[in-house]
Amino acid sequence: MDTQIIKIMSREIKIHKFEDNTHWSVHVIDSYGKEHHLGYWQHLENHDLIYAKASHIWENEVEPKEDLLGNAIKECIQSDIDRGVEPSLD
């Protein structure tokens, strides 16, 4: 796999192409770690367009909402582990 990574602060642009593919896959990672797929590009000659799309995503970032249910489940599992009880989601 051929990969290029451009990192700006905690943000990234990932450009990769798997062996024998004819198109590049372009992903943007925002500062919260959310990955956005910009699509498949046959030619990467227009870097300005990729940067413009990445900048648009970065300028409109929204802090993700806290996953209250997921956090509660994790805490219950950790509590079971700390007490020496086999965690069960049943």
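Everything numeric here is computed off the predicted structure, so don't read it as measured data. (Residues numbered from 1 in each chain as written. Predicted model: local features only at pLDDT ≥ 70, side-chain atom pairs only at ≥ 80, totals over all residues. Heavy atoms only, no water.)

The residue Asp-30 is located in the loop between β3 (24-29) and β4 (35-41) in this model. For Asp-30, the side chain forms a polar contact with the side chain of His-36, separated by 3.3 Å. Leave out the neighbours within four places in its chain, and Asp-30 touches Ser-10, Arg-11, His-36, Trp-58 and Glu-61. (Helix = DSSP H or I, 4+ residues; strand = E, 2+ residues; numbered from the N terminus. Polar contact = N/O pair within 3.5 Å; in protein donor to acceptor, adjacent residues only side chain to side chain. Contact = heavy atoms within 4.5 Å.)

This part is about helix α2 (residues 68-82). For α2, spanning 15 residues, the distance from its first C-alpha to its last is 21 Å, which sits close to the expected 21 Å at 1.5 Å a residue. Among the residues trailing α2, Gly-84 stands out with phi positive, at a value near 80°. (Expected span 1.5 Å × (residues − 1).)

Now for the nonpolar core. Ranked by size, the top nonpolar core spans 12 residues in total: Ile-13, Ile-15, Trp-24, Val-26, Val-28, Leu-38, Trp-41, Leu-44, Ile-50, Ala-54, Ile-57 and Trp-58. Those elements giving two or more residues to this core turn out to be β2 (11-17), β3, β4 and α1 (47-59). No other element matches the 4 residues that α1 contributes to this core. Setting aside anything within four residues of it in sequence, one finds Trp-41 in contact with His-23, Trp-24, Val-26, Leu-49, Ile-50 and Lys-53. (Core = buried A, V, L, I, M, F, W, Y, C linked by side-chain atoms within 4.5 Å. Buried < 20%, exposed > 50% of the residue type's maximum accessible area, 1.4 Å probe, protein only.)

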